[in-house]
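Inside the fold
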Amino acid sequence: MTRIVEVLPDKGALITRALSLVKEKIEAAIASQGYFTIALAGGSTPEPIYEALSQENLPWDKIQVFWSDERYVPSDHPDSNEKMARQAWLNQVPIPPENIHPMPTQGQDPQQDAQTYDNELQAFFGGSSGDFPSFDLILLGMGDDGHTASLFPQTEALSVGDRRVTVGNKDGQPRLTFTVPLINHARCVVFLVAGANKIDALTQVFNPDGDSQQYPSRLIAPEGELWWLLDEAAGNPLKLKT
């Protein structure tokens, strides 16, 4: 794993840097294999990045979009990660509908829907049922409790190692989420973290003796690159410790 930590002056600079990095990864993947796979994060931090991407002239027919996690709500619900990404980005560009792969959350069985998405990943990437595909880029956020995707502290989802997608749990509410091994097979993972409220969790994530069950972002150690893009408010205390 190659870890790169960048502390940007403010959230605007973080967004600019993230946009540049995403475009760089798109160009490299398409040059090498003819297409680009990305898994999106939810939350407020990536939304302006999606808005910025909507203004770019990119080879949309070669970009395949997935989600790393999703709240178990309908796709038109205000809390839906899919809805946010569509409004900010995907509805604004001529990307083929078949290139968009949302997590299924319309049923009444989160476990079955997690398996459905797991099957979709296998069908798209190929390989046997036990294989983990390698996304070109997975975007992640981090909560002030140290969670990422829907991998929350001290939950069963953290230990799932034989599936690509599982059910996360947030205060008794189910969510669909990529598993740790799926994320760790990515060619590139980028954490986007902003705000002083993240300092305590980041300190524990970067602490060599930190608790990975309590701060699940520590579990992310991809085979490829691991980027931490932090704004000054979140990252300043870490400048000399990374």
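Shown above is the structure to which this text applies.
All values derive from a computational prediction rather than experimental measurement. (Residues numbered from 1 in each chain as written. Predicted model: local features only at pLDDT ≥ 70, side-chain atom pairs only at ≥ 80, totals over all residues. Heavy atoms only, no water.)

Turning to the nonpolar core, a few remarks are in order. Tyr 50, Phe 178 and Trp 228 are the most contacted members of the largest nonpolar core, which totals 74 residues. Sorting elements by how many residues they give to this core places helix α1 (residues 11–33) first, with nine residues. Discounting chain neighbours no more than four positions away, the residues touching Tyr 50 are Leu 40, Ala 41, Met 84, Ala 85, Ala 88, Trp 89 and Leu 139. (Core = buried A, V, L, I, M, F, W, Y, C linked by side-chain atoms within 4.5 Å. Buried < 20%, exposed > 50% of the residue type's maximum accessible area, 1.4 Å probe, protein only. Helix = DSSP H or I, 4+ residues; strand = E, 2+ residues; numbered from the N terminus. Contact = heavy atoms within 4.5 Å.)

Under the counting rule described, the total for this entry stands at nine salt bridges. Here Arg 86 makes a salt bridge to Glu 82, at a shortest N to O gap of 2.7 Å. Residue Arg 86 and its partner Glu 82 are both found in helix α3 (residues 81–88); the two are separated by four residues, about one turn of the helix. Owing to a relative accessible area of 8%, Glu 82 belongs among the buried residues under this scheme. Taking the shortest distance from any N to any O, the salt bridge between Asp 162 and Arg 163 comes out at 3.5 Å. (Salt bridge = Lys/Arg side-chain N within 4 Å of Asp/Glu carboxyl O.)

Here we take up unusual backbone geometry. Its identity as a non-glycine residue notwithstanding, Gln 154 has a phi of 60 degrees, on the positive side. Tracing the chain through its elements places Gln 154 in the loop between β5 (137–140) and β6 (165–170).

The next subject is the sheet that holds strand β8 (residues 188–193). Across the sheet, which stays open at both edges, the six strands sit in the order β1-β9-β8-β5-β2-β3 with parallel pairing between neighbours. Here the strands that pair on one side only, and so sit at the sheet edges, are β1 (2–8) and β3 (63–67). Across the sheet, the mean angle separating the axes of adjacent strands is 15 degrees when strand polarity is ignored. As judged from the five bridges shared by strand β2 (residues 36–40) and β3, these two strands associate in the parallel manner. From the neighbouring strand, Thr 37 faces β3, where its bridge partner is Gln 64. (Pairing = 2+ DSSP bridges. Axes fitted to C-alpha atoms, helices over the stretch in contact; angles between N-to-C directions.)

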